[in-house]
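# Overview (structure and organization)
Each chain, letter by letter, is given below.
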Amino acid sequence: MQQHLTRLEQANLIAGHAVSYATAFLDDHHSVQQLADNADRLFLDLLVIEDAETTSFLIPVKLLAITMMRTARVARDLSRWPPAEDRWHAVMAALVELVINESRQLNKDRP
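## Focus: the pattern of salt bridges
Applying the stated criterion to the full structure yields two salt bridges. The salt bridge involving Arg-7 is made with Asp-51; its shortest N-O contact spans 3.6 Å. Of this pair, Arg-7 sits in helix 1 (residues 7-26) while Asp-51 sits in the loop between helix 2 (32-49) and helix 3 (55-76); the two residues are 44 residues apart in sequence, bridging distant segments of the chain. Residue classification places Arg-7 among the partly exposed positions, given a relative accessible area of 34%. Of the charged contacts, one joins Lys-62 and Glu-50 as a salt bridge, the two residues approaching to 2.7 Å between their closest N and O atoms. Of this pair, Lys-62 sits in helix 3 while Glu-50 sits in the loop between helix 2 and helix 3, and the two are 12 residues apart along the sequence.

## Examining the nonpolar core
Judged by nonpolar contacts, the single largest core of 27 residues is most densely connected at Leu-42, Leu-58, Val-61, Leu-64, Met-68 and Met-92. For this core, the secondary structure elements donating two or more residues are helix 1, helix 2, helix 3 and helix 4 (81-109).

## Thoughts on the packing of helix 2 against helix 3
Two numbers describe how helix 2 lies on helix 3: the axes approach to 9 Å, and their chain directions differ by 150°. Taken together, the axes of helix 2 and helix 3 are roughly antiparallel relative to one another. Considering only the axes of helix 2 and helix 3, their crossing is left-handed. Counted together, Val-32, Gln-33, Leu-35, Ala-36, Asn-38, Ala-39, Asp-40, Leu-42, Phe-43, Leu-46 and Ile-49 of helix 2 and Leu-58, Val-61, Lys-62, Ala-65, Ile-66, Met-68, Met-69, Thr-71, Ala-72, Ala-75 and Arg-76 of helix 3 form the full contact between these two elements. Looking at the contact of helix 2 with helix 3 residue by residue, the classes come out as 16 nonpolar, three polar and three charged.

Calculation notes
Residues numbered from 1 in each chain as written. Predicted model: local features only at pLDDT ≥ 70, side-chain atom pairs only at ≥ 80, totals over all residues. Heavy atoms only, no water. Salt bridge = Lys/Arg side-chain N within 4 Å of Asp/Glu carboxyl O. Helix = DSSP H or I, 4+ residues; strand = E, 2+ residues; numbered from the N terminus. Buried < 20%, exposed > 50% of the residue type's maximum accessible area, 1.4 Å probe, protein only. Core = buried A, V, L, I, M, F, W, Y, C linked by side-chain atoms within 4.5 Å. Axes fitted to C-alpha atoms, helices over the stretch in contact; angles between N-to-C directions. Parallel < 35°, antiparallel > 145°, perpendicular 65-115°, else oblique. Left-handed = near helix turned anticlockwise from the far one by under 90°. Contact = heavy atoms within 4.5 Å. Nonpolar A, V, L, I, M, F, W, Y, C, P; charged D, E, K, R; others polar.

Put into structure tokens, the structure is as follows:
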């Protein structure tokens, strides 16, 4: 018996990937290049999955993906990175928490 994920379930899975990628970078398990590659992958996934049902849920995930991309760009410019590192890490960590909370709420609200 084959089950297919709904659009919302697929969106929630992508949200989990976003949290995993960002957390791996924040915990120094992924490099800046891996962060950039993962952010690019997320954007492609988000383009495919977005529809009327998933749009509002995916806004925090998009913000996290954008932050991941921006962090990777700033981190490549070593002259700008050290003073900006704490700020970008704080923004990314806050968005990780937001995505986690939205995902939990989505799971509570589903029948």
